[in-house]
Amino acid sequence: MRLFAALFILTVFARCANQTSPNGGPQDKKPPALISSNPKSNQRNFTGEKIELTFDEYIKLKDPSEEIMISPTVGKETKFQVKKNKLVIVPKQKLAENTTYNISFRDAVQDINEGNPVFNLRLAFSTGDEIDSLSVSGNVYQLFKEEPPEKITVALYQTDTFNIFNHQPIYFTRTDKKGNFTITNLKAGLYRIYAFDDKSKNLKVESKSERFGFLTKQFNPADKVDTLKIPLMQVDARPIKITSIRNTTRASSIRLNKAIDSVHVESDFKNYFVNFFGEQQNEIVFYGILGEQPLEDSLKINLHLLDSVGNKLDTIAYIKSVKVKTIKEKFVINFTPVKYDYQAKTITTTGNFNKLISHVNTDSIYIQIDSTHFKQVEKKNITIDSLHHRVTLTVDLNPPKPEKDNTSTSPILIFGKGAFVSIEQDSSKARNEVIRIQQEDELGSLSVEIQTNEKNFILQLLTSKGEVLETKTNIKKNIFAYLTPQEYKLRITIDRNANRKWDPGSFEKAIAPEQVITYKTFDGKTLIPVRANWEVGPLLIKF
């Protein structure tokens, strides 16, 4: 009896051991495989209230509300349930009659151990007799950037009253890692398309924080449609609004909900103040110039504001002076490094100041060319932009050729103490700026030839990091000369309205953003190396 019991125990343990997977072994790289679904792929006349998919192994879900795209939409609160090897989808909304639905699962369905996603899993079915089979494909790219955007929502709409900022689309998908997209199971008809970075996950464009782009031309997927390319941009398209007005002893500040491009002020009291932007261009400061005596009455001003997308605000505001204690700031001007233009034989530097400049003492600003030669800076060499807190100094200079590797021969721009005096009568500090001028044989050049039928375009030379160095307008043959040896980029903007800047267009007015082209070599590279004492080009650009 004891022998029988021992044999019985050994048998049980042996069976238990056979059911356990051994430790180690090769990693499972095989994703789950779909065994069946209800509805079946391309099934017609589906009347069920839920969708079921069965796989050949246990599964888990990763971010189903983001990764599983159901088009047309069946509601934001749709439920996704996993039961061992089965996925159950319970739509929030009842499925519409005579409608083709398309479900793209992206990387949502994975095996439970290694997280291997099912590749390119899709399911299409219809609640009617017909299943729509048309599709449209394209690519979303970023304006002014080379990296392709990921997980951008691409959507379609048909009605003229549709607004991407207020309405949710019916048909939509998301881009892959290269910005490519395909929207399938469409019926014939006229559509418009747009794309946006749906950070808020509400299927609406939040223009304050989300990138978006659109095409103005309609298309019918039943026709031969070229690959659609949608430019993505970061533009605040909201209307301009005043959010607050703050009054102090010497200044009034009007805050806006967004940055603006320009401001024009009309008032019977313009001799009482000067106006300029605050630290950012969503603030307009009105600074009193009549001393610190508070005004008893408010001053009426007419504001005319314009933003980068063409939104305007014409409104009336009231400002006044009230007695409050404020901490006095130090007067500071920060200048950019001095640049020497070999062709124009001029030096240029720009300074940003934190207080309005009352006057400039040009006697305290001069250039030391060498130990015995000096050049005085004159008033005509200085431009002050109070609105943008900017002062620019441009001076003709034809210095002697510098000795190689000898910085002691470089000219020096000297600002003496008190060169600039603020409106509060405090002075700028003394500072010296070395003007570094390289020898011509240490520099290179870049030649460009443009072939186009466009009347207006902007050609820009950029650093490898995207900083604009030079801008040329409507010039088809150009040489960028005296370039420091490094890598550069070339960018073209097709300037439709000839205002010499890029315009983002308008969704409401059906105006597309102006096209931006980055020059690429035959192997797809955007960086152009320039060597010393060498001319690159001419590089041919056609558009």
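Residues numbered from 1 in each chain as written. Predicted model: local features only at pLDDT ≥ 70, side-chain atom pairs only at ≥ 80, totals over all residues. Heavy atoms only, no water.

A. The arrangement of the overall build of the protein in detail. Within the protein, the secondary structure is distributed over two helices and 42 strands. Taking 2.2 N^0.38 as the reference for a compact globule, 543 residues should give roughly 24 Å; the C-alpha atoms of the protein span a radius of gyration of 33 Å, well beyond that estimate. Once the C-alpha set of the protein is aligned to its principal axes, its extents read approximately 115 × 70 × 65 Å. Each of the 543 residues in the protein was classed as buried or not, and the buried ones make up 42%. Roughly 31600 Å² of accessible area belongs to the protein as shown, and the carbon and sulfur atoms make up 48% of that amount. (Helix = DSSP H or I, 4+ residues; strand = E, 2+ residues; numbered from the N terminus. Rg over C-alpha atoms; globule rule 2.2 N^0.38 Å. Buried < 20%, exposed > 50% of the residue type's maximum accessible area, 1.4 Å probe, protein only. Areas by Shrake-Rupley, 256 points an atom, 1.4 Å probe, with all protein chains shown as cover.)

B. Fine view of unusual backbone geometry. For the bond from Asn38 to Pro39, the omega torsion is 10°, close enough to zero to count as cis. With an omega of 0°, the peptide bond between Ser71 and Pro72 qualifies as cis. Position of Pro72 among the secondary structure elements: in the loop between strand E4 (69-71) and strand E5 (79-83). Notably, Asn45 is not glycine yet its phi reads approximately 55°, a positive angle. Considering the arrangement of structural elements, one finds Asn45 in the loop between strand E1 (34-38) and strand E2 (51-55).

C. Local environment of the nonpolar core. Counting 26 residues, the largest nonpolar core has Ile365, Leu413 and Phe420 as the members making the most contacts within it. Elements supplying a minimum of two residues to this core: strand E24 (333-335), strand E26 (346-353), strand E27 (357-360), strand E28 (365-368), strand E31 (390-396) and strand E32 (412-415). Leave out the neighbours within four places in its chain, and Ile365 touches Val360, Gln376, Val377, Ile382, Leu393, Leu413, Ile414, Phe415, Ala419 and Phe420. Core analysis: the next-biggest nonpolar cluster, separate from the first, contains 20 residues, Ile70, Phe105, Val118 and Phe125 among them. (Core = buried A, V, L, I, M, F, W, Y, C linked by side-chain atoms within 4.5 Å. Contact = heavy atoms within 4.5 Å.)

D. Structural view of the side chain of Asp236. Turning to its location among the elements, Asp236 is positioned in the loop between strand E16 (228-232) and strand E17 (242-247). A polar side-chain atom of Asp236 sits 2.7 Å from a polar atom in the side chain of Arg238. Excluding residues that lie within four positions of it along the chain, Asp236 makes contacts with Ser207, Lys208, Asn257, Lys258 and Val309. (Polar contact = N/O pair within 3.5 Å; in protein donor to acceptor, adjacent residues only side chain to side chain.)

E. Molecular detail of the sheet that holds strand E18 (residues 251-256). Taking strand neighbours across the sheet as the criterion, the four strands line up as E17-E18-E21-E20 in an open arrangement whose pairing is antiparallel. In this open sheet, the two edge strands, each paired with only one partner strand, are E17 and strand E20 (273-277). Adjacent strand axes in the sheet meet at a mean angle of 15°, parallel and antiparallel pairs treated alike. By the bridge criterion, five bridges tie E17 to E18 in an arrangement that is antiparallel. Bridging across to E18, Ile245 finds its partner in Ile254. (Pairing = 2+ DSSP bridges. Axes fitted to C-alpha atoms, helices over the stretch in contact; angles between N-to-C directions.)

F. Up close: the side chain of Ser126. By the element assignment, Ser126 lies in strand E9 (residues 122-126). A distance of 3.0 Å separates a polar atom in the side chain of Ser126 from the backbone nitrogen of Gly128. A distance of 2.6 Å separates a polar atom in the side chain of Ser126 from the backbone oxygen of Glu130. Beyond its immediate chain neighbours, meaning those up to four positions away, Ser126 contacts Gln43, Arg44, Asn45, Phe46, Thr99, Thr100 and Ile131.

G. Examining the environment of Lys224 more closely. Relative to the helices and strands, Lys224 is located in the loop between strand E15 (212-214) and E16. The sequence separation of Lys224 and Val309 amounts to 85 residues, and the corresponding C-alpha distance is 33 Å.

H. Spatial organisation of the sheet that holds strand E14 (residues 192-196). Reading across from one edge, E12-E11-E14-E15 is the order of the four strands in this open sheet, with antiparallel pairing throughout. With one partner strand each, in any of the chains shown, strand E12 (171-174) and E15 form the two edges of the open sheet. Here the strands of the sheet are splayed against their neighbours by 20° on average, with no regard to which way each runs. Of the strand pairs in this sheet, strand E11 (residues 153-157) and E12 are connected by four bridges, and their pairing is antiparallel. Its bridge partner lying in E12, Val154 is registered against Thr173.

I. The arrangement of the pattern of salt bridges in detail. Taken as a whole and judged by the stated rule, the model has 16 salt bridges. The partner of Arg106 in a salt bridge is Glu67, with the nearest N and O atoms 3.4 Å apart. One end of the pair, Arg106, is in the loop between strand E7 (100-104) and strand E8 (109-111); the other, Glu67, is in helix H2 (residues 64-67), with 39 residues separating them in the sequence. Glu67 shares its class with Arg106; the two are buried. One salt bridge connects Arg390 with Asp385, and the closest N-O pair in it is separated by 3.5 Å. By relative accessible area, which is 25% here, Asp385 ends up partly exposed. Ionic contacts of the salt-bridge type, sharing partners, join the residues Glu67, Arg106 and Lys151 into one network. (Salt bridge = Lys/Arg side-chain N within 4 Å of Asp/Glu carboxyl O.)

J. Highlighting the pairing of strand E39 (residues 486-494). Of all nine residues that make up E39, seven are buried, and the element is covered over most of its length. Bridge count for strand E36 (residues 457-463) against E39 is seven bridges, and the pairing is antiparallel. Directly across from Leu462, in E39, lies its bridge partner Lys489. Here E39 pairs with strand E41 (residues 528-530) via three bridges, running antiparallel. Pairing of Gln486 across the sheet is with Val530, part of E41.

K. Expanded view of the pairing of strand E22 (residues 299-306). What you see with E22 is a clean split: Leu299, Ile301, Leu303 and Leu305 sit on the buried side and Lys300, Asn302, His304 and Leu306 on the side with no burial. With five bridges joining them, strand E19 (residues 262-266) and E22 adopt antiparallel strand pairing. Bridging from a neighbouring strand, Glu266 pairs with Asn302 of E22. Note: E22 against strand E23 (residues 312-319), eight bridges, orientation antiparallel. For Ile301, the partnering residue across the bridge sits in E23 and is Ala317.

L. Inspection of the confidence of the model for the protein at higher detail. Taken over all residues, the pLDDT of the protein has a mean of 88, while the share at 70 or more is 92%. Confidence scores differ between elements of the protein, with helix H1 (residues 2-18) showing the lowest mean pLDDT of 37 and E36 the highest of 97. (pLDDT = per-residue confidence, 0-100.)

M. Highlighting the environment of Gln234. Tracing the backbone shows Gln234 in the loop between E16 and E17. Residues within four places of Gln234 in sequence aside, it is in contact with Ser207, Lys208, Ser209, Glu210 and Arg211.

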